[in-house]
Amino acid sequence: MNNKPELIVFDLAGTTVEDNQDVHRVLQMAMEYYDTKITLAEANAVMGIPKPIAIERLLKLHLQPDITPELIFEIHAVFLKNMIEFYCYDTGVREKQGVSATFERLQADGIKVAVDTGFDRSITNALLKRMKWKENNLIDASVTSDEVERGRPFPDLIFEAMKRTGVLDSAKVAKVGDTSFDLQEGRSAGCGWVIGITTGAFSKAELELEKPTHLIETIPEIIGMF
C-alpha cells in the first residue's frame, strides 16, 4: 500500500451528510403509500444500495404479492419526489462537521475527492446543490447508482469514479462509508483503504464484521491517516 491514496471516494447520506434517519423515513413513507409498512430498522438494513433494489427487497420481506417492475418504479418515483423536496428545502440538511475543510485539505495534498451514492442523479444533484461542494470545487467527481450497471456492493461506482478522475489503480483508492455495503464495495473494487465511519447508519460492531482497514467517528480523522 502506498503512503497516501490518489483518490478517496466518499458516500453521501450518513457519511458526509448528516442523516437523522431522514432517508429511512422518506423510504418508509413511500412504501406505506403503497400499502407496505416497514420499520426504520428494516429501512436501515437496505441503506447504501440502489433504492429500486432496496424497495424490491422490502416488498419481498413483507411477502407482498404481485411485485412487478411497475410497482417498484411507482414506489421509487414517490421516494424520489419526496427525497428531492427534502434535500431542496429542509432546513436541517447540512454536511457533517469538518467535511468541506477535509475535502479542501485532501485536494491541497494532491488527493482527488469523489462522492458516490445509492441515490440516483436527480436526488444527488439536489443534495450537491445544497452542499455547494461542486461550485466551491471541493469534489472532483460524483457517481450515482443509475449511472452504472450495478450498484453496491459491486465495485462499479468506484471504477466509474476512477475513470472520471483518471486514477488507474484501485489499490491507490480509499473508500469511505457508513454501511456494510459501502465497505463491501470498497473491498470488491480492491481499494487500498476501506474506511468505515461509525456515526452513520450501521454500528461499529456491524462495520467491524466487514474487516475495514480503518474505522473512524468523524471525517476529519482521515487527514491524519496519510
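Residue indices begin from 1 for each chain and proceed along its sequence in written order. At least 70 in pLDDT is required for a residue's local features to be given in this predicted model, at least 80 for side-chain atom pairs to be given and counted, and no such filter applies to totals for whole chains, interfaces and linings, which use all residues. Here the side-chain values reflect all heavy atoms present in the structure, with hydrogen atoms and water set aside.

*Asks:* Describe the overall build of the chain, naming the residues involved and giving the relevant values.
*Replies:* Helix and strand content of the chain: 9 helices and 6 strands. Radius of gyration: over C-alpha atoms. The globule rule applied is 2.2 Å multiplied by the number of residues raised to the 0.38 power. What you see for the chain is a C-alpha radius of gyration of 17 Å, in line with the 17 Å of a compact globule of 226 residues. Its C-alpha atoms give the chain principal-axis dimensions of about 50 × 35 × 30 Å. The contact definition used throughout considers only heavy atoms, calling two residues in contact when any of these lie within 4.5 Å. Counting contacts in the chain only where the partners sit at least 6 residues apart, residues at least 24 apart contribute 65% of the total. Entry remark: accessible area of the chain is about 10500 Å², with carbon and sulfur atoms responsible for 50%. In the chain, 25 side chains carry a positive charge and 35 a negative one; their mean positions are 4 Å apart. Secondary structure is summarised from DSSP: a helix means a run of H or I of at least four residues, a strand means a run of E of at least two, and numbering begins at the N terminus for each. The accessible surface values rely on the Shrake-Rupley method and a 1.4 Å probe; as for residues, cover is taken only from the protein chains in view. The positive count covers Lys and Arg only, the negative count covers Asp and Glu only, and His and the chain ends enter neither. Charged groups are reduced to one reference atom each: NZ for lysine, CZ for arginine, CG for aspartic acid, CD for glutamic acid.

*Asks:* Break down unusual backbone geometry for me, with residues and values.
*Replies:* Of note, the amide linkage connecting Arg152 to Pro153 takes the cis form, showing an omega dihedral of 10°. Although it is not a glycine, Gln21 sits at a positive phi angle of roughly 60°. Looking at where Gln21 falls in the secondary structure, it is placed in the loop between β1 (7-10) and α1 (22-33).

*Asks:* So what's going on with helix α7 (residues 156-165)? Residues and values would help.
*Replies:* Within α7, 7 of the 10 residues are buried, leaving the element largely enclosed by the surrounding structure. Those residues of α7 that fall on the buried side of the exposure criterion are Asp156, Leu157, Ile158, Glu160, Ala161, Met162 and Thr165. On its buried face, α7 sits against β1, β2 (112-116), β3 (141-143), β4 (173-177) and α8 (180-189). Of the residues one or two after α7, Gly166 is the one with positive phi, at around 75°. Type-normalised accessible area, obtained with a 1.4 Å probe on protein chains alone, sets the label of each residue: buried when under 20%, exposed when over 50%, and partly exposed for intermediate values.

*Asks:* Lay out the sheet that holds strand β5 (residues 193-197) in plain terms, naming residues and giving numbers.
*Replies:* Note on sheets: strands pair through backbone hydrogen bonds, and any given pair is parallel or antiparallel. Two strands qualify as a pair provided DSSP detects at least 2 bridges between them. What the 6 strands build is an open sheet, ordered β3-β2-β1-β4-β5-β6; its pairing is parallel. This sheet does not close on itself; its edge strands, each paired only once, are β3 and β6 (214-216). Each strand axis lies, on average, 20° off the axis of its neighbour in the sheet, ignoring direction. Inspection of the sheet shows β1 paired to β4 by 4 bridges, in the parallel sense. Among the inter-strand pairings, Phe10 is bridged to a residue of β4, identified as Val176. For helices, the axis comes from a line fit to the C-alpha atoms of the stretch in contact; other axes are also lines fit to C-alpha atoms, and the angle between any two N-to-C directions lies between 0 and 180 degrees.

*Asks:* Give a detailed account of the nonpolar core, specifying residues and quantitative values.
*Replies:* The nonpolar side chains of a soluble globular protein tend to be buried, and buried together. In terms of nonpolar packing, the biggest core is built from 71 residues, with Phe10, Leu27, Phe79, Met83, Tyr87, Phe119 and Trp133 touching the most fellow members. Tallying contributions element by element places helix α4 (residues 69-89) first for this core, with 9 residues. Beyond its immediate sequence surroundings of up to four residues, Trp133 is in contact with Leu12, Thr16, Val17, Glu95, Val99, Ser100, Phe103, Val115, Leu128, Leu138 and Ile139. Nonpolar cores were defined as sets of buried Ala, Val, Leu, Ile, Met, Phe, Trp, Tyr and Cys residues, with membership established by side-chain atoms within 4.5 Å.

*Asks:* Hey, could you go over α4 for me, with residue numbers and the actual values?
*Replies:* Given 3.6 residues per turn, any residue in an α-helix points the same way as the ones three and four places further on. Multiplying one less than the number of residues by 1.5 Å gives the expected span of a helix. The end-to-end C-alpha distance of α4, which contains 21 residues, comes to 30 Å, matching closely the 30 Å that a straight helix rising 1.5 Å per residue would cover. What α4 keeps buried is the set Leu71, Ile72, Ile75, His76, Val78, Phe79, Leu80, Met83, Phe86 and Tyr87.

*Asks:* Now, about the pairing of β1: what can you tell me, with residues and values included?
*Replies:* Here β1 shows a buried face lined by Leu7 and Val9 and a second buried face lined by Ile8 and Phe10. Sheet topology note: the β1/β2 ladder contains 4 bridges and is parallel. Counted as the bridge partner of Ile8 is Val113 from β2.

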